[in-house]
Amino acid sequence: MKKYTYIFNLLIIMMISLGISAQETILDENTYDYKDPNLFGQNRPFYLHYYLGYGLITPYQQDIRNEIIFGKSFEFELGLRFKYRFTNWLSIGTSMSYDIMNYRINQNAENIFPNNNYYIDEAKEKFISQSFSLLPYLRINIGRRGNKIGKYMDIGYFFNWSGNRVIEKYEDEKSELHYKSVYINPTYAIKNNQGIFASIGNQRYSIYAKYRITNLFYNFTDQNYIDAYGVNKFPELPRLTIGIQIGLF
Amino acid sequence: MMNQFKKITILILISIFFGNWVQGQQNEQAYWIFLSDKNDVTFDPYAYFDQKAIDRRMKHNLSLSHFTDWPLNNSYIQIVKENSDSILGQTRWFNAIAVMANPEQIIALQKLSCVREVRPMKYYAVTAATEHISSTSDIDNDKKNQLESMEYHLFQEAGIDGKGVRIAIFDGGFPGVNTISALKPIIESGRLIMTWDFTKNKENVFYSISHGTNVMSCIGGVDFDGNAIGMATGAEYLLAKTEIKREPYSEEKNWLEAVEWADKNGAEIINSSLGYTSDRYFQEDMDGEKSLVAKAANMAASKGILVVNAAGNDGDSGWEIIGTPADADSVLAIGGVSPESLIHISFSSYGPTATGTMKPNVCAFGQAYVAEKGGGYSIASGTSFASPLVAGFAACALQANPNLKTMELFHLIEQSGHLYPYFDYAHGFGIPQASYILNQTRDSIPFSLNTSQSSDGIFAEILYPGKFQIGEYRYLYANISNSDGLIIKYKVIKINQSKIEVFSNEELEDLFFDQDDSNLQVSFFYSGCHRSMSIQEL
């Protein structure tokens, strides 16, 4: 009896498995409708893509009392870019991105930001600004092309809403002195800033420049700061960032 | 001091990038200068054409002295030369000169009375190859079946090997063609008639990328044992190097010059495995009219040459559809199928053209056994290799039917497709079959399909042969077309039971919603049987 039950069960399993694989669609296509071309595409009316950016904050116009270390001061961004095409050569759009600006402060003798403690090489001081950025832009495309981004030049204006942090780190093996302090949203740092943007690119790659127009620091309200540093506010950090962006498409 | 150095470095880097970018926009570009007429030129067809080209024209009842074959007016060439930076080439067929010129020169050229039109040159072609696979477990099967899928043994038994047919191959390079054993029979018997490198204007084409070597082996090569891996082992060959990997502008010019060269030298079939797609065009531009190479390919057909072109490898990319010149209506566009299933291989570009013309026309293996430049063999993927397999087939078909004119041959090859008269935009009419070429009849197959529609969708019931063995699978092809004859949806279903759901009601509702057309037709193909009916008849 057991033997028949086994065979019966086996038959049921076989029938089920055959039933499951009785038909399999291996090609299923809808014909592209040429009379109603796609609205979305690299050179169609609408286009949306992610991008990554990495730039170096340049020492251009920097103040010796608040110098950055070039090469270690950078911007990183991850964003979403929207483009609306007016014509083959003119588009407008908006980028939205998450930005990190990392200013690595040079420890020279004149340095007064974020304090005037002079630790020579052992100290690491950073001003980090993490922000949500909105960047409306105008794009001029150059050259005839099909459904491709092609060569272009962008000019735009950015608005940043930031959260700021100042990090001081000191390690000295000889004296066994170690400390790290983090100041979140220091009162002297301005949270919102703006600037101009320009880039030139070809397909997914572009080189960009951002120039911050607004200041990073308020005037001191605390007389102790004024007395300690001999200035009304911290000198501005450099404003110009140059880097590359890579479109993820 | 250090800071100063950094600032200068940054400025220099920016200047270089920006300078190059701007320079790229302002400098000279390549243009076609179309001339107004060919007044005062002389032309001797017997001095210009190869005897085979003259024979072909006579077969097609074409004039030996057609306007499009006349040379360009020398004085016009001189004037254009004086008003441009350099001359890149010329085309008799279109009465045009390719030049490099800056914007000021172009304005001056447009004002000349001998200039009819100035058009920027298109560029960036891509070869329709994807990758090389060094080995697969089924390599021997692939080798055997790439020809047998087209019933090669029937040509072989009839002693047909493309003898006397002249084939021109346009490609990126042919290294090893003159040395490898796979092509030795062609070289040793003097059937490599002529070569020309249009990228450097010299005779040697046996260098650069080996794509052309792979392609040629799929037309007329043999394996280590002397067995054919392409059907046209007895054909004659013209080799034109027309492509440089990614050099702007030149390839379109080279293709146009090569097609005239092939015509002049008596080619009856051209195999081209390149296509222009999204760099310069939108999908809706693939209408067989917009690009100069499509026009040239159609003109080649009108002069009696069968142009066989790869459909392209964009089936699984954002572009999806065929490129140009595969979009030209007189070009035999070749799609790729998987060697295992004989069903569309994922990368093979889909049709139709932007005007709704069916493409691809037929298909062949999209993964083929090819000869390598070093003397070995490998499996290569791409419709680049489907195209030469069919070019070899076409040479055999022409040898078997020498009186056929080009478009008759074109339609005969379509009719020989294993799906004919069924077609879709992935397979065209299917894989060409030698039996039809030789007999021009098809075996009568008993009616085997019953169809019905219910509230769940459209069903097909296989009546004969409807009995399936356990583990046995067959393929049902089905499509729905609108009243303009345009297929709007198509499928291939792998089945192992008699009754199957082909289109669900949801799919039909979507189609009716999109089409607003009550005259939809449903077509089925199964095991040699084709049936087509109005959706209301179901």
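Use the structure listed above.
Computed from a prediction, not measured in an experiment: that's the story for all the values here.

### Considerations on the sheet that holds strand β2 (residues 86-91) of chain B
Residue and element names in this part refer to chain B.
And step 1. Taking strand neighbours across the sheet as the criterion, the four strands line up as β2-β3-β1-β4 in an open arrangement whose pairing is antiparallel. Unpaired on one side and paired on the other, β2 and β4 (115-120) mark the two borders of the sheet. Sheet twist, expressed as the mean angle between neighbouring strand axes with direction ignored, is 25°.
And step 2. Two elements, strand β1 (residues 29-35) and β4, share five bridges in a ladder whose sense is antiparallel. Paired with isoleucine 33 across the two strands is valine 118, which belongs to β4.
And step 3. Taken strand by strand, helix α4 (residues 74-82) contacts β1, β2 and β3 (96-101), and its axis lies near 15° from that of β3.
And step 4. Sheet strands touched by helix α5 (residues 103-110): β1, β3 and β4. Its angle to β3, the strand with the most contacts, is close to 150°.

### Side note on a negative patch on the surface
And step 1. Taken together, Asp456(B), Glu506(B), Glu509(B) and Asp510(B) make up a surface patch of like negative charges.
And step 2. Assignment of secondary structure puts Asp510(B) in helix α15 (residues 505-515).

### With respect to the interface of chain B and chain A
And step 1. Contacts between the two partners involve 47 residues from chain B and, on the opposite side, 38 residues from chain A.
And step 2. Regarding the contact of chain B and chain A, the summed buried area is about 3800 Å², with carbon and sulfur atoms giving 58% of it.
And step 3. Counting across the chain B and chain A interface gives two salt bridges.
And step 4. One salt bridge in this structure joins Asp28(A) and Lys489(B), with 2.8 Å as the shortest N-O distance.
And step 5. Listed by contribution, the elements that provide at least two residues to the side of chain B that touches chain A are α1 (2-26), β20 (487-495) and β21 (499-504) of chain B.
And step 6. Partitioned by chemical class, the residues of the side of chain B that touches chain A number 25 nonpolar, 10 polar and 12 charged.

### Considering the nonpolar core
And step 1. Membership of the largest hydrophobic core comes to 78 residues, with the highest contact counts inside it found for Phe155(B), Ile167(B), Ile169(B), Tyr237(B), Ile269(B), Leu306(B) and Leu332(B).
And step 2. With 11 residues, helix α12 (residues 383-400) of chain B is the largest single contributor of residues to this core.
And step 3. Once residues lying within four places of it in the same chain are set aside, the contact partners of Tyr237(B) are Ile167(B), Ile169(B), Ile186(B), Arg191(B), Leu192(B), Ile193(B), Met194(B), Met216(B), Ile219(B), Gly220(B) and Ala232(B).
And step 4. Ranked by size, the runner-up nonpolar core spans 41 residues in total, among them Tyr34(A), Ala30(B), Phe34(B) and Met299(B).

Rules and cut-offs
Residues numbered from 1 in each chain as written. Chains lettered and ligands numbered in written order. Predicted model: local features only at pLDDT ≥ 70, side-chain atom pairs only at ≥ 80, totals over all residues. Heavy atoms only, no water. Pairing = 2+ DSSP bridges. Helix = DSSP H or I, 4+ residues; strand = E, 2+ residues; numbered from the N terminus. Axes fitted to C-alpha atoms, helices over the stretch in contact; angles between N-to-C directions. Contact = heavy atoms within 4.5 Å. Patch = residues over 30% accessible without salt bridge, like charges linked within 9 Å, V, L, I, M, F, W, Y side chains within 5 Å. Areas by Shrake-Rupley, 256 points an atom, 1.4 Å probe, with all protein chains shown as cover. Salt bridge = Lys/Arg side-chain N within 4 Å of Asp/Glu carboxyl O. Lys, Arg positive; Asp, Glu negative; His and termini not counted. Charge placed at Lys NZ, Arg CZ, Asp CG, Glu CD. Buried area = accessible area lost by both parts, 1.4 Å probe. Nonpolar A, V, L, I, M, F, W, Y, C, P; charged D, E, K, R; others polar. Core = buried A, V, L, I, M, F, W, Y, C linked by side-chain atoms within 4.5 Å. Buried < 20%, exposed > 50% of the residue type's maximum accessible area, 1.4 Å probe, protein only.

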